[in-house]
Amino acid sequence: MQSILIKHLGKHVGEEVTVQGWLYNKRSSGKIQFLIVRDGTGLVQGVLVKKEAPELFDLAKGITQESSIRVKGIVREEPRSVGGYELTVTGLEVISMAEEYPISHKEHGVDFLMDRRHLWIRTPRQNAILRIRAEIEQAARDFFHQNDFTLVDSPIITPAACEGTTTLFELDYHGEKAYLSQSGQLYNEASAMAVGRMYCFGPTFRAEKSKTRRHLMEFWMIEAEAAFFDHEDNMKLQEELVYFIIQRVLERRRKDLEFLGRDISKLEAIQLPFPRLSYTEAVELLKSKGEEFEWGQDFGAPHETIISESFDAPVFIHRFPAEIKAFYMKPDPEDPRVVLGADLIAPEGYGEMIGGGQRIDDLKLLEQRIEEHKLPREAFEWYLDLRRYGSVPHSGFGLGLERTVAWICKLDHVRETIPFPRMLYRVYP
Ligand code: 4AD
Ligand code: MG
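Conventions used here
Residues numbered from 1 in each chain as written. Chains lettered and ligands numbered in written order. Predicted model: local features only at pLDDT ≥ 70, side-chain atom pairs only at ≥ 80, totals over all residues. Heavy atoms only, no water. Pairing = 2+ DSSP bridges. Helix = DSSP H or I, 4+ residues; strand = E, 2+ residues; numbered from the N terminus. Near = heavy atom within 4 Å. Polar contact = N/O pair within 3.5 Å; in protein donor to acceptor, adjacent residues only side chain to side chain. Areas by Shrake-Rupley, 256 points an atom, 1.4 Å probe, with all protein chains shown as cover. Nonpolar A, V, L, I, M, F, W, Y, C, P; charged D, E, K, R; others polar. Patch = residues over 30% accessible without salt bridge, like charges linked within 9 Å, V, L, I, M, F, W, Y side chains within 5 Å. Salt bridge = Lys/Arg side-chain N within 4 Å of Asp/Glu carboxyl O. Buried < 20%, exposed > 50% of the residue type's maximum accessible area, 1.4 Å probe, protein only. UniProt positions renumbered as here; feature names shortened; annotations may be inferred. 1 Å grid on protein atoms, 1.4 Å probe; cavity = no way out; pocket = protein on both sides within 12 Å on 5 of 7 lines; lining within 4 Å. Points joined across faces, edges and corners; volume = space filled by probe spheres on them. Contact = heavy atoms within 4.5 Å. Core = buried A, V, L, I, M, F, W, Y, C linked by side-chain atoms within 4.5 Å. Axes fitted to C-alpha atoms, helices over the stretch in contact; angles between N-to-C directions.

(A) Region of interest: the sheet that holds strand β17 (residues 351–358). Taken in spatial order, the eight strands of this open sheet run β6-β10-β11-β18-β17-β16-β13-β12, and their pairing is mixed. The open sheet has two edge strands, β6 (150–151) and β12 (276–278), and neither has a second partner. Bridge count for strand β10 (residues 197–205) against strand β11 (residues 218–227) is nine bridges, and the pairing is antiparallel. If you follow Tyr199 over to β11, its bridge partner there is Ala224.

Have a look at this one:
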C-alpha cells in the first residue's frame, strides 16, 4: 500500500503516485470529473476524462462523499487548483463506500455540527485548527526543552483543590473523596524543588457553571514552575514563551492561518516585551473609558476586552488585590494588599490566557492562608512540607491552550479549538 501524503505531492511532479484518503467533494461537467480528495495533510483534485478512461469515469460517478478511496495518478503542477497540484487519474479504487453523509457543503448550525463533532473535524477548516493546535503544543514543548525545563507530569486525580472549591469535579475514589485536577500547580511546586525548573502539560478540569465563549469543563494547560524565580522572572518567561509560539506558528502554519482568514499582520506586529499594567493602573484605565469599577472587584470578560483594546500585544495585569486571588499567592512586600501575581490578557478581546505568580514561601503565612480560605489542612500537609524543607522563592504559571488557539486562529468560540469539547450540558460525542 505504498502511497504518498498530499502535502508531499510537490516532490513528485511528473511521476505516477498513489494517494489514499476520502472523497471530500466532486464536480462534473459531463465529460470531465473532478474528485477532490483529502487525506488530512491537504486536498488534491483528481481529474478524469470520460473519453480517455470510460470505466474509471463511471466508477467515479457513483462514489459518495466521504467514501474512502485510493487514487493513482500522474502529478501535475496546477496553480489554479486547490493545493497547487492535480492528479491525472490512472487508477481508482473504493475502499469503503460511505452512506449518505450528514455534513454537506452547505452551512450548518452549530448545534447540528457539535452533535457530529466526530465528523465535523474532517473538514478543512477544522483540520487547519487542529494542526495549529498541535504546532502550539509542540512549540511549547520545544521552548521549555531548550530552556532547561524538565517535563514532570502532574497527577489528574487529586485529594485537594488548587483553584478554589467551587469548580471541583468530585470522584468516588474507592470510598474516599477525590477530585479531577484543576491545575498541576501544587505538584509542580514539589517538582520544582526536585528538578529546579519544570513544566507539565495535561488536561485540567473545572466544573464551571459558565456558558461563555471562553469556558470549557475540560481544557489543556501548559504549566511551568521554577525555583529561584521571582515575579519579574516569571513574567519574562511567559512573554518569551508566547512570543516563541507565535513565531513558530507564523513560520510553520502560515498557510493554515491564511486558510482561516486570520489577519496575520496582527500576529506579526507583536513584539517583546509585552506591556505591563498594575491592577490599580488597569482600574484607572477602565474608569478613563467610562466604566464604573471599584478597586477590589475582579475583572469580567468585558473589562478584559476593554483593557486589551488599548494594546497591540498581550498585556500583563499584575498585583491584584489578595482577596480575589488564590490562597498561595505571595503578598507584595511593598503593599501587602496586593499579590505578586499576573494575568496575561490576550489581544483582540480573547481574555485571560495565562494566570501565574510568585508563591508564598513562608510556612507560617501559608498555614494562615489555608485557614483563612477554609481549606482542609490535612490535604495540604504535604504541600506545607515544601516550606519546611529548603523553601526558596519560586514562581510559575499556567497557559490555557484553548484560549491561546482561539486567539491565534481568531475563532469566535473555544469549542472549535479542542477536538472534543466538554462544555456545560455537552459531553457527547
Ligand atoms: O488562572 P488559572 O485558574 O490558573 C491556575 O490554574 C494556576 N494554578 C496555574 C499555575 O500557576 N500553574 O488558569 C490558567 C489558565 C487561564 O489563564 C485560562 O487561559 C485557562 O487556564 N483556563 C480555562 N480555559 C478554558 N476553560 C476554562 N474553564 C478555563 N479556566 C482557566
Ligand atoms: Mg486566572
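(B) Layout of the site of ligand 1. Ligand 1 sits among 22 residues. The nearest are Glu163, Gln185, Arg206, Glu223 and Glu352. Contacts to ligand 1 include Leu216, whose backbone N or O atom sits 2.9 Å from a nitrogen atom. Within the side chain of Arg359, a nitrogen or oxygen atom sits 2.9 Å from an oxygen atom of ligand 1. Its free accessible area being 630 Å², ligand 1 has 94% of it covered by the protein chains. Residue assignment for the shell around ligand 1 shows that the elements contributing at least two residues are β11, β17 and β18 (394–400). Split by residue class, the shell around ligand 1 holds seven nonpolar, seven polar and eight charged.

(C) Main features of a nonpolar patch on the surface. Residues Ile156, Ile157 and Tyr173 make up a contiguous nonpolar surface patch of roughly 250 Å² in combined accessible area. Among the secondary structure elements, Ile156 is positioned in the loop between β6 and β7 (157–158).

(D) Geometry of unusual backbone geometry. With omega at -5°, the peptide bond leading from Leu272 into Pro273 counts as cis. Its location among the elements puts Pro273 in the loop between α8 (264–268) and β12. In this chain, Tyr428 is followed by Pro429 through a cis amide linkage whose omega measures -5°. Here the phi dihedral of Glu66 falls at roughly 75°; this positive angle occurs in a residue that is not glycine. Among the secondary structure elements, Glu66 is positioned in the loop between α1 (54–61) and β4 (68–77). The phi dihedral of Lys410 falls on the positive side, at around 55°, and the residue is not glycine. Looking at the element boundaries, Lys410 is found in the segment after α13 (401–409).

(E) Local environment of α13. Along α13, nine of the nine residues are buried, which leaves the element largely enclosed by surrounding structure. Just past α13, the residue Lys410 takes up positive phi, approximately 55°.

(F) Broad picture of the UniProt feature "domain: Aminoacyl-transfer RNA synthetases class-II family profile" (unreviewed entry) in the protein. Listed under "domain: Aminoacyl-transfer RNA synthetases class-II family profile" (unreviewed entry) in the UniProt record, and renumbered for this structure, are residues 130–419. In residues 130–419, helix accounts for 38% and strand for 23%; the two terminal C-alpha atoms are 7 Å from one another.

(G) Summary view of the layout of surface pockets. Estimates place the volume of the second largest pocket at around 800 Å³. As for the second largest pocket, its lining consists of 27 residues, and the residues nearest its centre are Thr41, Gly42, Arg131, Lys255 and Asp256. At the level of secondary structure, the elements contributing two or more residues to the lining of the second largest pocket comprise β3 (43–49), α4 (124–146) and α7 (254–259). Examining the composition of the lining of the second largest pocket, we find that five residues originate from one element, α4, more than from any other. A class-by-class count of the residues in the lining of the second largest pocket yields 10 nonpolar, seven polar and 10 charged.

(H) Region of the structure containing helix α10 (residues 301–308). Summarising burial for α10: six of the eight residues are buried, a large majority. Along α10, the positions that sit buried rather than exposed are His303, Glu304, Thr305, Ile306, Ile307 and Ser308. Contact partners of the buried residues in α10: β12, α9 (279–288), β13 (315–318), β16 (341–346) and β17.

(I) Broad picture of the nonpolar core. Core analysis: the largest hydrophobic core is formed by 59 residues, its most contacted members being Phe144, Val242, Trp407 and Ile408. Among the elements that make up this core, the one with the highest residue count is helix α6 (residues 231–252) (nine residues). Setting aside residues up to four positions removed in sequence, Trp407 forms contacts with Val242, Ile246, Arg262, Leu267, Ile270, Pro314, Ala346, Pro347, Glu348, Tyr350 and Met353. Among the nonpolar cores identified, the runner-up in size contains 20 residues, and Val17, Leu35, Val75 and Leu87 belong to it.

(J) Local environment of the pattern of salt bridges. One pass over the full model with this rule turns up 35 salt bridges. Put simply, Glu86 and Arg76 hold a salt bridge, and the shortest N to O gap is 2.8 Å. Within this pair, whereas Glu86 is found in strand β5 (residues 85–96), its partner Arg76 is found in strand β4, the two being separated by 10 residues in sequence. Across the pair Arg252 and Glu251 runs a salt bridge whose closest N-O atoms are separated by 3.6 Å.

(K) Representation of the sheet that holds strand β2 (residues 32–38) within the structure. Read around the closed barrel, the five strands follow the order β1-β2-β3-β5-β4; overall the barrel is mixed. Taking the axes of each pair of neighbouring strands and ignoring which way they run, one obtains an average angle of 55° across the sheet. Sheet topology places β3 next to β5; three bridges connect them, and they run parallel. Counterpart to Gln45 in the pairing with β5 is Glu86. Strand contacts of α1: β1 (16–28), β2, β3 and β5, with the helix running at about 65° to β5, the strand carrying the most contacts.

(L) Focus on the environment of Trp220. With respect to the helices, strands and loops of the structure, Trp220 is situated in strand β11. As for Trp220 and Glu402, which are separated by 182 residues in sequence, their C-alpha atoms are 6.9 Å apart. Dropping the residues within four chain positions of it, Trp220 is found in contact with Arg133, Phe201, Gly202, Pro203, Thr204, Leu399, Gly400, Leu401, Glu402 and Ile418.

(M) How the structure looks around empty space enclosed by the protein. For the coordinates displayed, the defined rule picks out two cavities of 30 Å³ or more. The calculated volume of the largest cavity comes to roughly 90 Å³. Those elements that provide at least two residues to the lining of the largest cavity are α5 (185–195) and α12 (377–388). Looking at the lining of the largest cavity, the element that brings in the most residues is α12, giving three residues.

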